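An overview of the molecular structure
The lines below spell out each chain.
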Amino acid sequence: MTTFANLIAGEWTMGTRSVPNVNPSDTTDIIGEAAQATAEEMNQAIEAAAKAQVGWAQTTPQQRFDILDAIGTEILARKEELGDLLSREEGKILPEGIGEVGRAGQIFKFFAGEALRISGERVESIRPGIEIDMRREPLGVVGLITPWNFPIAIPAWKIAPALCYGNAVVLKAAEAVPACAWVLADIIHRAGLPAGVFNLVNGRGSEIGPVMIDHPKIAGVSFTGSVQTGRSVAQACAKNLKKVQLEMGGKNPAVVLDDADLDAAVGACVNSAFFSSGQRCTASSRMIVTEGIYDDFVAAMTKTVAALKVGDARDGATQIGPVIDARQLEKDLEYVEIAKAEGAKLVCGGEKLDGPGHYMSPALFIDTANDMRINQEEVFGPVATIIKAKDYDDALRIANETDFGLSAGICTTSLKYASHFKAHAKAGMVMVNLPTAGVDYHVPFGGTKGSSYGSREQGRYAAEFYSVMKTSYTQP
Ligand code: NAD
């Protein structure tokens, strides 16, 4: 049996308790046993990180480049194998799993380069003869808390900048994906990092998460997950005056205007709403379609969604894999019933499917109103709705009437509307004639309103969270 251990102070440890790790495509397939850390082990990891961070902060840009680059190289060289593990453990289809691993490798390569580009500034003082310089310093020990839906890419986009800017790391990955966390930790561990600079401590978030956040040697917490957990993380960080960065949920709109290319719009919306079983924070679960194209769009969308093949994530014919676990499946099916009860019309899917895993047919609702719960609450599954809008202005208003603001899309051939939407959509990321999900790794990622809190992740903007500015004055 494969075991997925924790990495504490450079040592692998299974601790005293472990739980089975189950394949969501086939629940009889046990991938391995995952260690469950205690509060004591979390404290040990943080102490080890605090000790190791002092030396890591002194390393040269070349040393950091070499290690981050080596991690990226190994991830890229093994992307088929790791993509297969990811699909087996998380349930996204194989091409998506391999693609995610490739992205993680590129992220490490990007931040390898960023380590060579950490720069400061020298400015003139307002007082004669005094020199002022400003430099970036590491935050210290950072606690990283990640969700299950991008089990390699999200840890990568937090770990890589953390190490790049001279921090030590304690990663607490999601309970459902210990194998991906372990394999990533193994690659990082063998790349030559001093013991304690990177630690992996897995277990129940509600038990060891607060232990991490409350520890006085954790300087900042970067969290990705649900709004509910994010709020509690932010409150705990505020209580202890810690730096915090949160990436949370979405209810992303995809606007389709009368002048859109119908086939391209349907392609973008099917991808946005249902790929990765709708389990992407950037998935668009609300399609807002203007009157002139509404009937054609509904007909084409229904036909395409009804034909999607649901099955084992690693079967080459599968387009939509399972959802992550029985609890999520129950939640998705519950939202199907909520939508029906609210008067939304189900045109396809929405049923539990037989099979050895957590399968449901992708659900599409039409004739929905934006104030229905199905259009305001994040489902995080293969469930999407269509809302009819009078015209562009009406569509924009509906798109923005949400507590979230992560990603927003528009399908149109009009430069006027595309430009207006880019300026007025209340979201951190806007997509024109593209799915709302699917982003580059070298530019900022994040949202507005209830979707994000704190500074942006990814690209060079990640420096805002993972470093602090120091201003020095010198009288020579
Ligand atoms: P979750 O909030 O249940 O868990 C996220 C992480 O927090 C897990 O590692 C969990 O163990 C940990 N955790 C749980 N309770 C905790 C506590 N009290 N203190 C500290 N940590 C705790 O989320 P999930 O179900 O794993 O992920 C799905 C959610 O993530 C969705 O809402 C999705 O939109 C969001 N998400 C957002 C982004 C983004 O970048 N905006 C990306 C991916 C996923």
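Everything quoted here is computed from the prediction, not taken from an experiment.

We now examine the side chain of Asn202. Mapping Asn202 onto the fold places it in the loop between β10 (198–200) and α7 (205–214). Reaching out from Asn202, the side chain makes a polar contact with the backbone nitrogen of Ala173 at a distance of 3.0 Å. The contacts of Asn202, once residues within four sequence positions are left out, are Asn6, Ala35, Gln36, Ala37, Lys172, Ala173, Pro178, Ala181 and Ile208.

This brings us to the site of the ligand. Near the ligand lie 29 residues; those nearest to it are Glu175, Ser226, Thr229, Met248 and Glu378. Taking Glu175, its side chain carries an N or O atom lying 2.7 Å from an oxygen atom of the ligand. Expressed as a share of its isolated accessible area of 850 Å², the protein-covered part of the ligand is 88%. Ranked by residues supplied to the shell around the ligand, first place goes to α7 with 5 residues. Classifying every residue of the shell around the ligand gives 15 nonpolar, 10 polar and 4 charged. In this structure, the shell around the ligand is formed jointly by two domains, domain 1 (3–248 + 451–474) and domain 2 (253–432), each of which donates at least three residues.

Glancing now at unusual backbone geometry. Although it is not a glycine, Ser277 sits at a positive phi angle of roughly 55°. Tracing the backbone shows Ser277 in the loop between α9 (262–274) and β14 (284–290). Its identity as a non-glycine residue notwithstanding, Lys449 has a phi of 45°, on the positive side. Inspection of the secondary structure puts Lys449 in the loop between β19 (429–432) and β20 (452–453). On the basis of relative accessibility, which here comes to 37%, the residue Lys449 falls in the partly exposed class.

Let us look at the sheet that holds strand β5 (residues 26–36). If you walk across this open sheet you meet the 3 strands as β1-β5-β4, and the pairing is mixed. Among the strands making up the open sheet, the edge pair consists of β1 (3–4) and β4 (17–23). In this structure, β1 lies alongside β5, joined through 2 bridges in parallel fashion. Across the sheet, Phe4 pairs through a bridge with Ala34, a residue of β5.

Here the protein is partitioned into domain 1 (3–248 + 451–474) and domain 2 (253–432). A straight line from the C-alpha centre of domain 1 to that of domain 2 covers 31 Å. If you look at the interface, domain 1 gives 26 residues, while domain 2 gives 25 residues. Across the interface of domain 1 and domain 2, roughly 2,000 Å² is buried in total on both sides, 56% from carbon and sulfur atoms. Of all residues in domain 1, the largest losses of buried area upon contact with domain 2 belong to Ser25, Trp148 and Ser451, amounting jointly to 27% of the total for that side. Residues Arg314 and Asp84 are paired through a salt bridge, measuring 2.9 Å at the closest nitrogen-oxygen approach. At the junction of domain 1 with domain 2, the criterion picks out 11 residue pairs in polar contact (both at pLDDT 80 or more). Secondary-structure elements contributing two or more residues to the side of domain 1 that touches domain 2 are β5, α3 (79–90) and α4 (94–115). Take the side of domain 1 that touches domain 2: its biggest share by element is 5 residues, from α3.

We now examine the pattern of salt bridges. Under the criterion given, the structure shown has 22 salt bridges. Residues Arg204 and Glu207 are paired through a salt bridge, measuring 3.7 Å at the closest nitrogen-oxygen approach. A relative accessible area of 43% places Arg204 in the partly exposed class. The residue Arg397 makes a salt bridge to Asp394 at a minimum N-O spacing of 2.6 Å. Highlighted residues: Arg397 and Asp394, both in helix α13 (residues 392–400), separated by 3 residues, approximately one helical turn.

What counts and how
Residues numbered from 1 in each chain as written. Predicted model: local features only at pLDDT ≥ 70, side-chain atom pairs only at ≥ 80, totals over all residues. Heavy atoms only, no water. Helix = DSSP H or I, 4+ residues; strand = E, 2+ residues; numbered from the N terminus. Polar contact = N/O pair within 3.5 Å; in protein donor to acceptor, adjacent residues only side chain to side chain. Contact = heavy atoms within 4.5 Å. Near = heavy atom within 4 Å. Areas by Shrake-Rupley, 256 points an atom, 1.4 Å probe, with all protein chains shown as cover. Nonpolar A, V, L, I, M, F, W, Y, C, P; charged D, E, K, R; others polar. Domains from an automatic or database assignment. Buried < 20%, exposed > 50% of the residue type's maximum accessible area, 1.4 Å probe, protein only. Pairing = 2+ DSSP bridges. Buried area = accessible area lost by both parts, 1.4 Å probe. Salt bridge = Lys/Arg side-chain N within 4 Å of Asp/Glu carboxyl O.

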